[in-house]
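Spelled out, the chains give:
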Amino acid sequence: MKTVITYGTYDLFHIGHLNLLKRAKALGDYLIVAVSTDRFNWEEKHKKCQIPDKDRMAIVEAIRYVDKVIPEDSWDQKIKDVQKYNVDVFVMGDDWKGKFDFLKDYCEVVYLPRTEGISSTQLKEDLKNK
Ligand code: C2G
């Protein structure tokens, strides 16, 4: 079984997130998604989520491509996760290109092209200006 893992906030879930998860799953047989907690987002990413972490995790868990959801609560849990779940492939959108190359010592690292024209940040801006 080929295990894939990816990480994200998945706030205001949109087609860019779905495209990423679909392509990530296509790289293996089992997809784990680490969804960032409200604490991690606020304290480490200085991002305020619109949707609470338990709801963001429930939404991601309901996606047909996703096999398991775990919390992302720190920047440096990735190596432990890759080892704990025997991950073969680590996937992120290419806005993160190069940022996680240190994981190449533990698994394959793949950066996939982002979906153009949509982002949670833009959605929040649009909603604010309605
Ligand atoms: N994404 C994408 N296309 C978009 C928007 C997002 O492919 N138009 C991808 C991102 O590259 C990422 C995933 O969807 O791989 C989740 O995006 P976010 O929820 O914005 O995640 P982010 O805030 O980048 O958190 O430790 C890593 C972080 O948790 C990533």
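Residues numbered from 1 in each chain as written. Predicted model: local features only at pLDDT ≥ 70, side-chain atom pairs only at ≥ 80, totals over all residues. Heavy atoms only, no water.

**A few points about the pattern of salt bridges**
On inspection of all chains with the given rule, the structure shows 11 salt bridges. Among the ionic pairs, Lys124 bridges to Asp11, the shortest N-O distance being 2.9 Å. One end of the pair, Lys124, is in helix 5 (residues 120-128); the other, Asp11, is in the loop between strand 1 (3-8) and helix 1 (15-25), with 113 residues separating them in the sequence. Taking the shortest distance from any N to any O, the salt bridge between Arg39 and Glu43 comes out at 2.9 Å. Remark: Glu43 and Arg39 occur in helix 2 (residues 38-43); sequence separation between them is 4 residues, near one turn of the helix. On the basis of relative accessible area, Arg39 is assigned to the partly exposed category, the value being 32%. Taken together, the shared-partner salt bridges in this structure form one network comprising Arg39, Glu43, Glu44 and Asp73. (Salt bridge = Lys/Arg side-chain N within 4 Å of Asp/Glu carboxyl O. Helix = DSSP H or I, 4+ residues; strand = E, 2+ residues; numbered from the N terminus. Buried < 20%, exposed > 50% of the residue type's maximum accessible area, 1.4 Å probe, protein only.)

**Quick notes on the UniProt feature "domain: Cytidyltransferase-like" (unreviewed entry) in the protein chain**
UniProt feature "domain: Cytidyltransferase-like" (unreviewed entry): in the numbering of this structure it lies at residues 5-125. The span residues 5-125 carries 32% helix and 21% strand; its end-to-end C-alpha distance comes to 29 Å. (UniProt positions renumbered as here; feature names shortened; annotations may be inferred.)

**Examining helix 3 (residues 53-61)**
Three or four residues apart is the spacing at which side chains of an α-helix point the same way, because the helix has 3.6 residues per turn. Listed as buried for helix 3 are Arg56, Met57 and Val60. Projected onto a plane normal to the axis of helix 3, the buried residues spread over an arc of 100° and lie on a single side. Along its buried surface, helix 3 packs onto helix 1, strand 2 (30-36), helix 2 and strand 3 (68-72). (Arc of directions from axis to C-beta. Contact = heavy atoms within 4.5 Å.)

**A few points about the site of the ligand**
Lining the immediate environment of the ligand, one finds 20 residues, of which Lys47, Glu72, Asp95, Thr115 and Ile118 sit closest. One of the side-chain N or O atoms of Asp95 is found 2.6 Å from an oxygen atom in the ligand. Note that a nitrogen atom of the ligand is positioned 2.7 Å from one of the backbone N or O atoms of Ile118. For the ligand, whose unbound accessible area comes to 640 Å², protein coverage reaches 95%. Taking a 2 Å distance to the grid points as the criterion, the majority of the atoms of the ligand fall inside the largest pocket. Mapped by element, the contributors of at least two residues to the shell around the ligand are strand 1, helix 1 and strand 4 (89-93). (Near = heavy atom within 4 Å. Polar contact = N/O pair within 3.5 Å; in protein donor to acceptor, adjacent residues only side chain to side chain. Areas by Shrake-Rupley, 256 points an atom, 1.4 Å probe, with all protein chains shown as cover. 1 Å grid on protein atoms, 1.4 Å probe; cavity = no way out; pocket = protein on both sides within 12 Å on 5 of 7 lines; lining within 4 Å. Sits in = over half its atoms within 2 Å of the grid points.)

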